[in-house]
Amino acid sequence: MKQQELEDQYIRSLDVPMNNQERERFLTELRAHPTFVKELNLHSKVRELVTPKAPASFGPYFASKLIHKIENTGVVIDRQIFSFFKRFQLAALGIAVALLILNVMFADQANLKSVFGLDRTPTTTTDEEIISFDFYETLNNDL
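A. Focus on the nonpolar core. Among the nonpolar cores identified, the biggest contains seven residues, and these are Leu6, Tyr10, Met18, Phe26, Leu30, Phe36 and Leu40. Not counting residues within four places of it along the chain, the set of residues in contact with methionine 18 comprises Gln9, Ser13, Arg23 and Phe26.

B. Layout of a nonpolar patch on the surface. Taken together, the side chains of Leu90, Leu93, Ile95, Val97, Leu99, Ile101, Leu102, Met105 and Phe106 define a hydrophobic patch exposed on the protein surface, amounting to about 990 Å² of accessible area. By the element assignment, leucine 93 lies in helix α6 (residues 89-106).

C. Seen up close, the packing of aromatic side chains. Considering all chains together, one arrives at four aromatic pairs under this definition. For the pair phenylalanine 84 and phenylalanine 88, a centre-to-centre distance of 5.4 Å together with 70 degrees between the ring planes defines the contact as edge-to-face. Ring-pair connections join several aromatic residues into one group, and the members of that group are Phe84, Phe85 and Phe88.

D. Looking closely at the environment of lysine 2. Looking at the secondary structure, you find lysine 2 in the segment before α1 (3-15). For lysine 2 and glutamate 29, which are 27 residues apart along the polypeptide, the C-alpha to C-alpha distance reads 9.2 Å.

E. Local environment of the packing of α1 against helix α3 (residues 34-50). Interaxial distance between α1 and α3 falls to 11 Å at its minimum, and their mutual angle equals 35 degrees. The way α1 lies across α3 gives a crossing that is right-handed. Contacts from Gln3, Leu6, Glu7, Tyr10, Ile11, Leu14 and Asp15 of α1 reach α3 at Phe36, Glu39, Leu40, His43, Ser44 and Arg47. When grouped by side-chain class, the residues that make up the contact of α1 with α3 number six nonpolar, three polar and four charged.

F. Structural context of the confidence of the model for the protein. Taken as a whole, the protein shows an average pLDDT of 80; of its residues, 83% reach a score of 70 or greater. By mean pLDDT, the top-scoring element of the protein is helix α4 (residues 62-71) (89), and the lowest-scoring one is helix α7 (residues 112-115) (70).

G. Local environment of α1. In a regular helix each residue adds 1.5 Å, so 13 residues correspond to 18 Å; α1 covers 19 Å between its end C-alpha atoms and thus fits that length. Every buried residue of α1 is accounted for by Leu6, Gln9, Tyr10 and Ser13. Angularly, the buried residues of α1 cover 100 degrees about the axis, an arc narrow enough to put them on a single face. More than 90 degrees from the buried face of α1, the exposed residues found are Arg12 and Asp15. Against α2 (20-32) and α3 lie the buried residues of α1.

Thresholds, definitions, all that
- Along each chain, residues carry numbers from 1 onward, in the same order as the chain's sequence is written.
- Local features in this predicted model are restricted to residues of pLDDT 70 or higher, and side-chain atom pairs are both shown and tallied only at a pLDDT of 80 or more, whereas totals for entire chains, interfaces and linings draw on every residue.
- Note that water and hydrogens are dropped before the side-chain values are worked out from all heavy atoms of the structure.
- Remark: nonpolar core denotes a set of buried residues (Ala, Val, Leu, Ile, Met, Phe, Trp, Tyr, Cys) joined through side-chain atoms within 4.5 Å.
- Whether a residue is buried, partly exposed or exposed follows from its accessible area with a 1.4 Å probe, protein chains only, as a fraction of its type maximum: under 20%, in between, or over 50%, in that order.
- Contacts between residues were defined by any pair of non-hydrogen atoms, one from each residue, lying within 4.5 Å.
- Patch membership is restricted to residues that have no salt bridge and whose relative accessible area is over 30%. Joining uses 9 Å for like charges and 5 Å for the nonpolar side chains Val, Leu, Ile, Met, Phe, Trp and Tyr.
- Using the Shrake-Rupley algorithm and a 1.4 Å probe, accessible areas are obtained, with residue cover drawn only from the displayed protein chains.
- Salt-bridge detection follows one rule: a side-chain nitrogen of Lys or Arg within 4 Å of a carboxyl oxygen of Asp or Glu.
- Strands are runs of DSSP state E lasting at least two residues, helices are runs of H or I lasting at least four, and both sets are numbered from the N terminus onward.
- By convention, a stacked pair of Phe, Tyr or Trp rings (six-membered ring in the case of Trp) has centres within 6.5 Å and planes under 30 degrees apart, an edge-to-face pair has planes over 60 apart, and any other such pair is tilted.
- Note on geometry: axes are lines fitted to C-alpha atoms, helical ones only across the stretch in contact, with angles between N-to-C directions running from 0 to 180 degrees.
- With the far helix as reference, a near helix turned anticlockwise by less than a right angle produces a left-handed crossing, and one turned clockwise produces a right-handed crossing.
- Each residue gets one of three labels, nonpolar for Ala, Val, Leu, Ile, Met, Phe, Trp, Tyr, Cys and Pro, charged for Asp, Glu, Lys and Arg, and polar for the others, Gly among them.
- Confidence scores here are pLDDT values: one per residue, from the predictor, ranging 0 to 100.
- Each helix should span, by expectation, one fewer than its residue count multiplied by 1.5 Å.
- To obtain the arc, one takes the directions from the helix axis to the C-beta atoms.

Structure, rendered in structure tokens:
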């Protein structure tokens, strides 16, 4: 029996018990390969170390903690956004004040309407003043 077959049979024997005939054949093969017995012993020690001693658990109240986190995800994201912009609110206020000061300096009059640009009246255009643009016609005429 080859060494790989012997190793496969040993690994299988750890999970499924061998019958007497297989066990005798396996032991006979092991006597023929004494160096391989050391490797199999190391393999069994590693298997013992890796085998869990207690069943895996997520801990107490895992489901309720998970549901609580899922329900409060929006609140956490809102807090993160608020804390991100909280760093820049003083700088934004300074920029807004600086822009207002510049607007006051360049305004024609010193009243609130002119500072905020409210003194200008919006202009309306009539249909005659609107120039129509026909994309298809312009594309064909320019060729």
